[in-house]
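# Working through the structure, step by step
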Amino acid sequence: MSLAVVGSIAFDAVRTPFGERKRMLGGSAVHFSLAASFFGEVRVVGPVGDDFGDEEYAVLHARGVNTDDIERVPGGETFFWRGHYDFDLNTAHTDDTQLGVFGDFDPKLSEASREAEMLFLANIQPDLQRQVREQCTGARLAGLDSMNFWIETARESLLKTVAGVDIIFMNDAELRMLTQEPNLVRATRKVMERGPRAVVAKQGEYGAALFTADGFFALPAFPLETVNDPTGAGDSFAGGFLGYLASQGESASGDDATLRRAMTYGSVLASFNVEEFGTERVQRLTREEIEDRYAALRQMTLLDEIPAAR
Ligand code: AMP
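This write-up is about the structure you can find in this document.

Below, the discussion takes up the overall build of the chain. Of regular secondary structure, the chain possesses twelve helices and 13 strands. Over its C-alpha trace the chain gives a radius of gyration of 18 Å, about what one expects of a compact globule, namely 19 Å for 310 residues. Dimensions of the chain, computed from the C-alpha atoms along their principal axes, are close to 55 × 40 × 35 Å. For the chain, buried positions account for 57% of its 310 residues. Taking contacts inside the chain between residues at least 6 apart in sequence as the whole, the part at least 24 apart equals 64%. As displayed, the chain has an accessible area near 12800 Å², and 47% of this comes from carbon and sulfur atoms. Computed over 30 positive and 48 negative side-chain charges, the separation of the two mean positions in the chain equals 4 Å.

So, in structure tokens, the structure goes:
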């Protein structure tokens, strides 16, 4: 299935206890598309400014990401996010968010993106996510991520957007905040009552849990001794998950074993992402390394009962 993503395309300034980068390629759509690119072609939709140069495009092109729907706005500035993490790497502290060219972005998708069979609405203003969802009439499966920033500033709009997608990817604190429900199981039910058929609750270094109407599956994160920068872990998870799902075709997307494998690929891609800053590790990643870590995670978690398949 063809796959498209809309979300932030950004420059990030990030400080963690283990180092700092003043300006590096980031953004939810970038992290997502790099992770998903290991399974097939991904089309990225979104605007950038003049400051987004050949070097940044080259990172995406090196992984075969299709950038035809990246709109370069003359005189504009690329989305900018500055954040830091203390010793608890599960919590990102936002110090600055500059929407730049996203401030008045009016998405007009190419025919190829409108016809994509799978769509990911990565973290960005929920009105924009919905506009893109409405244009993508070919999408048979749509996923969505968001964050506290949008739950606080655009909750009603986000709830409308949630109603138009199939799978939600959010961390457990965001799910509680969105639904105003302290119990996570009830929070996922409340989300599903609005339309989605599955919720992936991300739990940082503790892993992720998949809730469906009558199913539950939890997977620990791959145990890593070195974590330098968790930025983009959630998007890489979604990229691994949906990239794998897209590669399996439409009939597989509702199958429980396929969804569990998708969870495992999501976890694997997220684990590589956090080893280094920004996109640094994923830029050098190979499919072979992904398969090795997938096999290790399957063994650790007794997923061996599930027949091996790509
Ligand atoms: P995560 O996977 O949640 O760590 O997402 C990290 C990415 O989200 C960073 O590369 C940021 O550029 C991007 N980001 C941060 N704040 C926002 C926001 N309010 N809207 C969209 N993207 C954001």
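The rest of the description comes next.
Around the ligand, the structure places 19 residues, and the nearest of them are S8, D12, G27, G232 and D235. Contact between the ligand and S8: a nitrogen atom at 2.8 Å from a side-chain N or O atom of the residue. Interatomic distance of 3.2 Å between a backbone N/O atom of G234 and an oxygen atom of the ligand. Protein coverage of the free-state accessible area of the ligand, which is 510 Å², stands at 89%.

In this section: the packing of aromatic side chains. Any two aromatic rings considered together are summarised by their centre-to-centre distance and by the angle between their planes. Tallied over the entire structure, the rule returns 15 aromatic pairs. Measuring from centroid to centroid gives 6.0 Å for F11 and F52, while their planes differ by 50 degrees, and the two rings are tilted. Note that F11 is positioned in strand β2 (residues 10-16) and F52 in the loop between β4 (42-49) and α2 (54-62), a separation of 41 residues in sequence. On the numbers, 5.9 Å between centres and 75 degrees between planes, the contact of F102 with F105 is edge-to-face. In this structure, F102 and F105 share a single accessibility class: buried. Here the aromatic residues F32, F120, F169, F237 and F241 are joined through ring pairs into a cluster of three or more. Of note, R23 hangs over the ring of F11, and the distance from its end group to the ring centre comes to 3.9 Å. Above the face of the F38 ring, R63 is positioned so that its terminal group lies 3.7 Å from the ring centre.

F32, F169, V200, F241, L242, L245 and M263 are the most contacted members of the largest nonpolar core, which has 59 residues in total. Not counting residues up to four positions away in its chain, the partners in contact with L245 are M118, L141, I167, S253, T258, L259 and A262. Membership of the second largest hydrophobic core comes to 40 residues, among which are L119, L121, A139 and I151.

Now for the sheet that holds β4. With mixed pairing, the nine strands of this open sheet are ordered in space as β5-β4-β1-β8-β9-β10-β11-β12-β13. On the outer flanks of this sheet lie β5 (70-73) and β13 (216-219), each paired with one strand and no other. This sheet shows a mean twist of 15 degrees between the axes of neighbouring strands, independent of strand direction. In the sheet, strand β12 (residues 208-212) pairs with β13 via four bridges, with the strands oriented antiparallel. Considered in β13, the bridge of A208 is made with L219. Against the sheet, helix α6 (residues 155-162) makes contact with β8 (118-121), β9 (141-145) and β10 (167-171), and its axis sits at roughly 155 degrees relative to β9, the strand it touches most. Across the sheet, helix α9 (residues 233-247) touches β1 (3-6), β8, β9, β10, β11 (198-202) and β12, and the angle it forms with β10 is around 160 degrees.

Further remarks concern helix α12 (residues 287-300). The periodicity of an α-helix, 3.6 residues per turn, causes residues three or four positions apart to be oriented the same way. An ideal rise of 1.5 Å per residue puts 20 Å on 14 residues; α12 measures up with 20 Å between its terminal C-alpha atoms. For α12, the complete set of buried residues consists of I290, E291, R293, Y294, L297 and R298. Of the surrounding elements, those touching the buried residues of α12 are β13 and α10 (256-273).

The subject of this paragraph is unusual backbone geometry. Positive phi, normally seen in glycine, also occurs at Q180, with a value near 55 degrees. With respect to the secondary-structure elements, Q180 resides in the loop between α7 (172-179) and α8 (184-193). Among the residues examined, Q180 registers a relative accessible area of 57% and is labelled exposed.

So, on to the pairing of β5. Note that β4 and β5 share four bridges and pair parallel. Counterpart to G49 in the pairing with β5 is V73. In this fold, the crossover linking β4 to β5 by way of α2 has right-handed handedness.

Reading the values: the criteria
- Residues numbered from 1 in each chain as written.
- Predicted model: local features only at pLDDT ≥ 70, side-chain atom pairs only at ≥ 80, totals over all residues.
- Heavy atoms only, no water.
- Helix = DSSP H or I, 4+ residues; strand = E, 2+ residues; numbered from the N terminus.
- Rg over C-alpha atoms; globule rule 2.2 N^0.38 Å.
- Buried < 20%, exposed > 50% of the residue type's maximum accessible area, 1.4 Å probe, protein only.
- Contact = heavy atoms within 4.5 Å.
- Areas by Shrake-Rupley, 256 points an atom, 1.4 Å probe, with all protein chains shown as cover.
- Lys, Arg positive; Asp, Glu negative; His and termini not counted.
- Charge placed at Lys NZ, Arg CZ, Asp CG, Glu CD.
- Near = heavy atom within 4 Å.
- Polar contact = N/O pair within 3.5 Å; in protein donor to acceptor, adjacent residues only side chain to side chain.
- Phe/Tyr/Trp six-rings, centres within 6.5 Å; stacked < 30°, edge-to-face > 60°.
- Lys NZ or Arg CZ within 6 Å of the ring centre and 35° of its normal.
- Core = buried A, V, L, I, M, F, W, Y, C linked by side-chain atoms within 4.5 Å.
- Pairing = 2+ DSSP bridges.
- Axes fitted to C-alpha atoms, helices over the stretch in contact; angles between N-to-C directions.
- Expected span 1.5 Å × (residues − 1).
- Right-handed = clockwise from strand over helix to strand, strands pointing away.

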